[in-house]
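The residues making up each chain are set out below.
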Amino acid sequence: ALDEWDGLLNFLRAKGVELKSIERSGLVIPRESKEGYYDRFRDRIVFPIFDVKSQCVGFGARTMKDEKGAKYINSPDTPVYTKGHHLFGLQLTRHAIAKKDLAIVVEGYMDMIIPFQFGVDNIVASLGTALTTEQIRLLRRYTNNVVMLFDADAAGQAAIVRSLDVLIEQDMNVRVASLAAGEDPDTFIRKFGPGQFNQRIREARSLFDFKFEWLAKQFDPQNIE
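Cut-offs and rules
- Residues numbered from 1 in each chain as written.
- Predicted model: local features only at pLDDT ≥ 70, side-chain atom pairs only at ≥ 80, totals over all residues.
- Heavy atoms only, no water.
- Salt bridge = Lys/Arg side-chain N within 4 Å of Asp/Glu carboxyl O.
- Helix = DSSP H or I, 4+ residues; strand = E, 2+ residues; numbered from the N terminus.
- Axes fitted to C-alpha atoms, helices over the stretch in contact; angles between N-to-C directions.
- Left-handed = near helix turned anticlockwise from the far one by under 90°.
- Contact = heavy atoms within 4.5 Å.
- Nonpolar A, V, L, I, M, F, W, Y, C, P; charged D, E, K, R; others polar.
- pLDDT = per-residue confidence, 0-100.

**Topic: the pattern of salt bridges**
Phase 1: Inspection of every chain in the model, using the stated rule, returns seven salt bridges.
Phase 2: The partner of Asp-165 in a salt bridge is Lys-211, and the shortest N-O contact between them spans 3.1 Å. Note that Asp-165 is positioned in helix H6 (residues 154-169) and Lys-211 in helix H8 (residues 207-218), a separation of 46 residues in sequence.
Phase 3: With a closest N to O distance of 2.7 Å, Glu-213 and Arg-205 form a salt bridge.
Phase 4: One salt-bridge network, in which partners are shared between bridges, spans Asp-3, Asp-43 and Lys-65.

Structure representation (C-alpha coordinates):
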(Lines give C-alpha, C1' and ligand atoms only; values in the text may rest on other atoms or scores of the structure.)
Protein backbone atom coordinates (compact mmCIF):
# COMPACT_ATOMS: atom_id res chain seq x y z
CA ALA A 1 0.00 0.00 0.00
CA LEU A 2 1.42 3.36 -1.03
CA ASP A 3 2.45 5.92 1.58
CA GLU A 4 -0.44 8.16 0.54
CA TRP A 5 -3.71 9.18 2.14
CA ASP A 6 -5.78 8.67 -1.00
CA GLY A 7 -3.68 6.55 -3.39
CA LEU A 8 -6.06 3.59 -3.46
CA LEU A 9 -9.15 5.81 -3.27
CA ASN A 10 -8.14 7.74 -6.38
CA PHE A 11 -7.14 4.54 -8.19
CA LEU A 12 -10.50 2.86 -7.56
CA ARG A 13 -12.49 5.97 -8.47
CA ALA A 14 -10.54 6.24 -11.73
CA LYS A 15 -11.66 2.66 -12.42
CA GLY A 16 -15.28 3.77 -12.03
CA VAL A 17 -15.90 2.10 -8.66
CA GLU A 18 -18.66 3.87 -6.73
CA LEU A 19 -17.62 5.65 -3.53
CA LYS A 20 -20.33 3.83 -1.57
CA SER A 21 -18.91 0.46 -2.64
CA ILE A 22 -15.37 1.51 -1.70
CA GLU A 23 -16.58 2.54 1.76
CA ARG A 24 -18.54 -0.71 2.26
CA SER A 25 -15.41 -2.68 1.32
CA GLY A 26 -13.60 -1.30 4.38
CA LEU A 27 -10.73 -0.02 2.25
CA VAL A 28 -11.37 3.62 3.13
CA ILE A 29 -12.37 5.43 6.33
CA PRO A 30 -14.61 8.55 6.55
CA ARG A 31 -12.77 11.70 7.64
CA GLU A 32 -13.85 13.02 11.04
CA SER A 33 -13.23 16.72 10.52
CA LYS A 34 -14.55 17.18 6.99
CA GLU A 35 -16.20 15.43 4.10
CA GLY A 36 -14.36 12.72 2.24
CA TYR A 37 -12.38 9.56 2.95
CA TYR A 38 -8.81 8.34 3.36
CA ASP A 39 -7.16 4.97 2.70
CA ARG A 40 -7.27 2.50 5.59
CA PHE A 41 -4.01 0.82 4.51
CA ARG A 42 -1.07 3.17 3.97
CA ASP A 43 2.64 2.34 3.70
CA ARG A 44 2.02 -1.28 4.68
CA ILE A 45 2.60 -4.75 3.26
CA VAL A 46 -0.89 -6.03 2.47
CA PHE A 47 -1.96 -9.67 2.78
CA PRO A 48 -5.15 -10.65 0.97
CA ILE A 49 -7.46 -12.95 2.95
CA PHE A 50 -9.35 -15.57 0.92
CA ASP A 51 -12.27 -17.80 1.76
CA VAL A 52 -12.15 -21.54 1.01
CA LYS A 53 -13.49 -20.86 -2.50
CA SER A 54 -10.40 -18.66 -3.19
CA GLN A 55 -12.46 -15.47 -3.23
CA CYS A 56 -10.73 -12.45 -1.67
CA VAL A 57 -12.88 -11.26 1.24
CA GLY A 58 -10.58 -9.00 3.26
CA PHE A 59 -7.05 -7.78 3.96
CA GLY A 60 -4.47 -7.66 6.70
CA ALA A 61 -1.59 -5.21 6.61
CA ARG A 62 1.75 -4.94 8.42
CA THR A 63 3.48 -1.62 8.99
CA MET A 64 6.70 -0.93 7.08
CA LYS A 65 8.16 1.15 9.93
CA ASP A 66 9.16 0.52 13.53
CA GLU A 67 7.07 3.20 15.12
CA LYS A 68 4.26 3.60 17.63
CA GLY A 69 0.86 2.36 16.58
CA ALA A 70 -0.59 -0.94 15.47
CA LYS A 71 1.91 -3.33 13.89
CA TYR A 72 -0.95 -5.11 12.09
CA ILE A 73 -4.35 -3.81 11.06
CA ASN A 74 -7.14 -5.75 9.38
CA SER A 75 -10.24 -5.13 7.32
CA PRO A 76 -13.29 -4.36 9.46
CA ASP A 77 -16.39 -6.53 9.23
CA THR A 78 -18.02 -5.96 5.85
CA PRO A 79 -20.86 -7.59 3.87
CA VAL A 80 -18.35 -10.24 2.67
CA TYR A 81 -15.91 -10.49 5.59
CA THR A 82 -16.40 -11.35 9.26
CA LYS A 83 -13.23 -11.66 11.30
CA GLY A 84 -13.17 -14.99 13.09
CA HIS A 85 -15.03 -16.78 10.29
CA HIS A 86 -11.97 -17.42 8.09
CA LEU A 87 -8.58 -19.10 8.35
CA PHE A 88 -5.64 -17.60 6.48
CA GLY A 89 -4.26 -19.95 3.83
CA LEU A 90 -6.99 -22.60 4.10
CA GLN A 91 -7.85 -22.25 0.40
CA LEU A 92 -4.30 -23.47 -0.36
CA THR A 93 -3.97 -26.21 2.25
CA ARG A 94 -7.41 -27.73 2.83
CA HIS A 95 -6.79 -30.74 0.57
CA ALA A 96 -3.47 -31.55 2.28
CA ILE A 97 -5.11 -31.14 5.69
CA ALA A 98 -7.80 -33.63 4.72
CA LYS A 99 -5.26 -36.07 3.22
CA LYS A 100 -2.93 -35.94 6.25
CA ASP A 101 -5.88 -35.68 8.67
CA LEU A 102 -4.03 -32.97 10.58
CA ALA A 103 -4.05 -29.18 10.66
CA ILE A 104 -1.17 -27.12 12.05
CA VAL A 105 -2.58 -23.85 13.37
CA VAL A 106 -0.29 -20.81 13.71
CA GLU A 107 -0.98 -17.16 14.51
CA GLY A 108 0.18 -14.78 11.81
CA TYR A 109 0.40 -14.39 8.04
CA MET A 110 4.15 -14.99 7.76
CA ASP A 111 3.92 -17.90 10.23
CA MET A 112 1.72 -19.59 7.62
CA ILE A 113 3.38 -18.33 4.42
CA ILE A 114 7.03 -19.21 5.14
CA PRO A 115 6.46 -22.82 6.34
CA PHE A 116 4.14 -23.33 3.34
CA GLN A 117 6.95 -22.19 1.04
CA PHE A 118 9.19 -24.75 2.76
CA GLY A 119 6.71 -27.53 1.93
CA VAL A 120 4.52 -27.62 5.05
CA ASP A 121 1.24 -27.93 3.17
CA ASN A 122 -1.23 -28.61 6.02
CA ILE A 123 -0.93 -25.28 7.84
CA VAL A 124 -3.33 -22.38 8.45
CA ALA A 125 -3.23 -19.15 10.46
CA SER A 126 -5.86 -17.95 12.90
CA LEU A 127 -5.42 -14.30 11.81
CA GLY A 128 -3.76 -13.34 15.06
CA THR A 129 -6.44 -14.32 17.54
CA ALA A 130 -7.54 -17.22 19.69
CA LEU A 131 -9.55 -19.64 17.58
CA THR A 132 -13.26 -18.98 17.30
CA THR A 133 -16.06 -21.54 17.15
CA GLU A 134 -16.66 -20.63 13.49
CA GLN A 135 -12.99 -21.19 12.60
CA ILE A 136 -12.95 -24.56 14.33
CA ARG A 137 -16.12 -25.68 12.55
CA LEU A 138 -14.47 -24.65 9.29
CA LEU A 139 -11.42 -26.78 10.11
CA ARG A 140 -13.58 -29.70 11.17
CA ARG A 141 -14.79 -30.10 7.57
CA TYR A 142 -11.30 -31.43 6.79
CA THR A 143 -9.93 -32.93 10.02
CA ASN A 144 -10.58 -33.42 13.73
CA ASN A 145 -6.86 -33.30 14.57
CA VAL A 146 -5.09 -30.05 15.38
CA VAL A 147 -1.59 -29.08 16.49
CA MET A 148 -1.39 -25.55 17.87
CA LEU A 149 1.92 -23.77 17.19
CA PHE A 150 1.79 -20.21 18.51
CA ASP A 151 4.58 -17.86 19.54
CA ALA A 152 6.39 -18.71 22.77
CA ASP A 153 5.64 -15.31 24.31
CA ALA A 154 2.94 -14.79 26.95
CA ALA A 155 0.38 -13.50 24.44
CA GLY A 156 0.82 -16.52 22.17
CA GLN A 157 0.58 -19.00 25.02
CA ALA A 158 -2.50 -17.25 26.42
CA ALA A 159 -4.14 -17.42 22.96
CA ILE A 160 -3.57 -21.18 22.93
CA VAL A 161 -5.15 -21.54 26.37
CA ARG A 162 -8.17 -19.51 25.27
CA SER A 163 -8.54 -21.72 22.21
CA LEU A 164 -8.26 -25.06 24.00
CA ASP A 165 -11.66 -25.17 25.66
CA VAL A 166 -13.40 -24.15 22.43
CA LEU A 167 -11.54 -26.87 20.52
CA ILE A 168 -12.55 -29.50 23.08
CA GLU A 169 -16.17 -28.34 22.96
CA GLN A 170 -16.09 -28.93 19.20
CA ASP A 171 -14.77 -32.50 19.66
CA MET A 172 -11.33 -31.75 18.22
CA ASN A 173 -8.21 -33.71 19.16
CA VAL A 174 -5.68 -31.11 20.23
CA ARG A 175 -1.94 -31.15 20.81
CA VAL A 176 0.42 -28.23 21.40
CA ALA A 177 3.88 -27.84 19.81
CA SER A 178 6.48 -25.63 21.46
CA LEU A 179 9.23 -23.28 20.30
CA ALA A 180 11.91 -21.62 22.40
CA ALA A 181 11.43 -18.11 23.74
CA GLY A 182 11.84 -15.51 21.00
CA GLU A 183 11.11 -17.97 18.19
CA ASP A 184 8.10 -18.08 15.90
CA PRO A 185 7.25 -20.57 13.11
CA ASP A 186 8.53 -18.15 10.44
CA THR A 187 11.99 -17.60 11.93
CA PHE A 188 12.30 -21.19 13.20
CA ILE A 189 11.83 -22.91 9.84
CA ARG A 190 14.14 -20.46 8.06
CA LYS A 191 16.84 -21.11 10.66
CA PHE A 192 16.48 -24.88 11.17
CA GLY A 193 14.61 -26.12 8.08
CA PRO A 194 11.47 -28.21 7.55
CA GLY A 195 12.94 -31.36 9.10
CA GLN A 196 13.31 -29.76 12.53
CA PHE A 197 9.96 -28.00 12.10
CA ASN A 198 8.13 -31.27 11.42
CA GLN A 199 9.98 -32.88 14.34
CA ARG A 200 8.48 -30.24 16.66
CA ILE A 201 5.04 -31.04 15.28
CA ARG A 202 5.54 -34.78 15.89
CA GLU A 203 6.69 -34.04 19.47
CA ALA A 204 3.62 -31.91 20.25
CA ARG A 205 2.34 -32.47 23.77
CA SER A 206 -1.14 -33.45 24.78
CA LEU A 207 -3.58 -30.73 25.68
CA PHE A 208 -3.49 -31.60 29.37
CA ASP A 209 0.30 -31.72 29.64
CA PHE A 210 0.47 -28.27 28.08
CA LYS A 211 -2.27 -26.81 30.25
CA PHE A 212 -0.83 -28.18 33.51
CA GLU A 213 2.63 -26.89 32.63
CA TRP A 214 1.21 -23.46 31.70
CA LEU A 215 -0.81 -23.26 34.94
CA ALA A 216 2.19 -24.34 37.01
CA LYS A 217 4.04 -21.27 35.73
CA GLN A 218 1.16 -18.98 36.76
CA PHE A 219 0.47 -20.43 40.19
CA ASP A 220 2.30 -22.20 43.01
CA PRO A 221 1.75 -25.96 42.57
CA GLN A 222 2.57 -26.46 46.28
CA ASN A 223 -0.41 -24.36 47.32
CA ILE A 224 -3.84 -26.02 47.16
CA GLU A 225 -5.61 -22.77 46.17
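**Here's the deal with the packing of helix H4 (residues 109-117) against helix H7 (residues 185-202)**
To describe two helices that pack against each other, one gives the angle between their axes and the distance between the axes.
Phase 1: One can describe the packing of H4 onto H7 by two numbers: an axis separation of 9 Å at closest approach and a directional angle of 35 degrees. Crossing handedness for the pair H4 and H7: right-handed. Counting all contacts with H4, which are made through Met-110, Asp-111, Ile-114 and Pro-115, the residues of H7 involved are Pro-185, Asp-186, Ile-189, Arg-190 and Phe-197.
Phase 2: Among the residues making up the contact of H4 with H7, the classes are represented as six nonpolar, no polar and three charged.

**Description of the side chain of Gln-91**
Phase 1: For Gln-91, the position within the fold is in helix H3 (residues 90-100).
Phase 2: For Gln-91, the residues in contact, after removing those within four places along its chain, are Phe-50, Asp-51, Val-52 and Ser-54.

**Examining the confidence of the model for the protein chain**
Phase 1: For the protein chain, per-residue confidence averages 91 on the pLDDT scale, and residues scoring 70 or more make up 97% of the total.
Phase 2: Mean pLDDT per element in the protein chain: H6 is the minimum at 78, and H3 is the maximum at 98.

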